[in-house]
Amino acid sequence: MKSPLLALPGAVPAEGTDEGVAAHYGDLFREQRNLARGTGFVDLSHRGVLTVTGEDRLSWLHLLLTQHVSALPAQQATEALVLSPNGHVEHALYLVDDGTTTWAHVEPGTQQALIGYLESMKFFYRVEVADATADYAVVHLPAGSTAPTDGAAAVRELPYGRDLFLPRAELATLTKGYGPAAGVWAYEALRIEGHRPRLGFETDHRTIPHEVDWLATAVHLQKGCYRGQETVARVHNLGRPPRRLVFLHLDGTEEVLPPHGTEVRLASDPQGRALGVVTSSARHHELGPIALAVVKRNVPVDAVLLAGTVPGTQDVIVPQ
């Protein structure tokens, strides 16, 4: 779904998963600095939006999701996962309930599969699930923004900003008061800096929540049963995940930014066996080139790694 904000001056369309919104508006570092200072906004209107209504909505979602939401207070943001029976991550939802409706945004193009699963689990519960993507669009305001949010149908308050659910037909009008637009490249650079995993980037068909630090934000370890809960509990209580997410400070003298899927090896053994892959990378306005990667658990935490041809040192996200 192509955003009307691509008509703004300087807009360069994003490609791949983020197609439909702007990658940048002509100055990537200026856009990042604006967001870091709490000004501007990010058009995330390509993301899927779904709503759940009905008096059983929270108790029903509680049975299906990894997060404790049965008593979720109105206006309190949270995030949650849907797992496979074997505990692998299938969906990531970014949620808020306004007292009558639970709002969620998800990765672009994933909402139909998620809604299909939710519909199959309705049984006798008094709930209605709807794809609201055609009617509502997501816009992100950074932490510290004083932009008005009166036109939003729902707001997710987060430590790093606010996600607004705006009427799609009013997107261009409402965002005029939000300050300068920033593209998804700037948003991604700050996401990587914040170590926040993204479905389809930091995950593959084998990912369990422990590997990418989703236990900290999207999984409640004391709640009741849900699909995949046995794997979550077993790995948390008895073992360690086979892989771990790391943050990489990449060599700033290299011109190449390793793309998603680039193999990671030990810098001391560049012809050796691949130990993982780069999942996301960006050029940061202060840190220079940075990346997230998923590597085998036993990779030494102090080892210099090689992302393709680019050396990088690690910051530990998930303990070894």
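In this report, we go over the structure that sits alongside the text.

Rules used throughout
Residues numbered from 1 in each chain as written. Predicted model: local features only at pLDDT ≥ 70, side-chain atom pairs only at ≥ 80, totals over all residues. Heavy atoms only, no water. Helix = DSSP H or I, 4+ residues; strand = E, 2+ residues; numbered from the N terminus. Rg over C-alpha atoms; globule rule 2.2 N^0.38 Å. Buried < 20%, exposed > 50% of the residue type's maximum accessible area, 1.4 Å probe, protein only. Contact = heavy atoms within 4.5 Å. Areas by Shrake-Rupley, 256 points an atom, 1.4 Å probe, with all protein chains shown as cover. Polar contact = N/O pair within 3.5 Å; in protein donor to acceptor, adjacent residues only side chain to side chain. Core = buried A, V, L, I, M, F, W, Y, C linked by side-chain atoms within 4.5 Å. Pairing = 2+ DSSP bridges. Axes fitted to C-alpha atoms, helices over the stretch in contact; angles between N-to-C directions.

**Comments concerning the overall build of the protein chain**
Thought 1: What the protein chain contains, in helices and strands, is six helices and 18 strands.
Thought 2: Over its C-alpha trace the protein chain gives a radius of gyration of 20 Å, about what one expects of a compact globule, namely 20 Å for 320 residues.
Thought 3: Taking all 320 residues of the protein chain together, 54% fall into the buried category.
Thought 4: By sequence separation, contacts in the protein chain at least 24 residues apart represent 64% of the contacts at least 6 residues apart.
Thought 5: For the protein chain, the accessible area works out to roughly 13900 Å², and carbon and sulfur atoms hold 53% of it.

**Some words on the environment of phenylalanine 201**
Thought 1: Structurally, the position occupied by phenylalanine 201 is in the loop between α5 (184-193) and α6 (229-238).
Thought 2: According to the relative accessible area criterion, phenylalanine 201 is buried, its value standing at 17%.

**What to know about the environment of threonine 262**
Thought 1: Looking at the secondary structure, you find threonine 262 in the loop between β13 (243-250) and β14 (263-266).
Thought 2: Among the residues examined, threonine 262 registers a relative accessible area of 15% and is labelled buried.
Thought 3: Separated by 17 residues in the primary sequence, threonine 262 and threonine 279 have C-alpha atoms spaced 7.8 Å apart.
Thought 4: Each residue touching threonine 262, except ones within four places of it in the same chain, is listed here: Gly276, Val277, Val278, Ala307 and Gly308.
Thought 5: Separated by 2.7 Å, the side chain of threonine 262 and the backbone oxygen of proline 259 make a polar contact.

**Overview of the nonpolar core**
Thought 1: Leu81, Trp214 and Leu245 are the most contacted members of the largest nonpolar core, which has 22 residues in total.
Thought 2: Not counting chain neighbours up to four residues away, the residues in contact with tryptophan 214 comprise Glu79, Leu81, Val89, Ala92, Tyr94, Pro197, Arg198, Leu199, Thr203, Pro209 and Val219.
Thought 3: Val52, Trp60, Leu61 and Val129 belong to the second largest nonpolar core, which has 21 residues in total.

**Quick notes on the sheet that holds strand β18 (residues 310-316)**
Thought 1: Ordered in space as β13-β16-β15-β14-β17-β18, the six strands form a closed barrel in which the pairing is antiparallel. Averaged over all adjacent pairs, the angle separating strand axes in this sheet is 45°, with direction ignored.
Thought 2: Pairing geometry for strand β17 (residues 305-307) and β18, over three bridges, is antiparallel. Note on β18: the bridge partner recorded for leucine 305 is glycine 312.
Thought 3: The sheet strands contacting α5 are β13, β15 (276-284) and β16 (288-296), and the helix crosses β15 at an angle near 120°.

**Focus on the sheet that holds strand β12 (residues 181-182)**
Thought 1: Reading across from one edge, β10-β11-β9-β3-β12 is the order of the five strands in this open sheet, with mixed pairing throughout. Each having just a single partner strand, β10 (154-158) and β12 make up the two edges of the open sheet.
Thought 2: Lying over the sheet, α5 contacts β3 (41-43), β9 (136-142) and β12, oriented at roughly 110° with respect to β3.

**Some details on the pairing of strand β11 (residues 161-167)**
Thought 1: Judged by how many residues are buried, β11 sits mostly within the fold: seven of seven residues are covered.
Thought 2: Residues Gly161, Asp163, Phe165 and Pro167 of β11 are buried on one face, and the alternating residues Arg162, Leu164 and Leu166, pointing to the opposite face, are buried as well.
Thought 3: When β9 meets β11, the two strands line up antiparallel, connected through seven bridges. In the strand pairing of β11, leucine 141 is matched with arginine 162.
Thought 4: Note that β10 and β11 share five bridges and pair antiparallel. Following the sheet pairing, glutamate 157 is matched in β11 by arginine 162.
Thought 5: Connecting β10 to the antiparallel partner β11 that follows it, the hairpin turn spans two residues.

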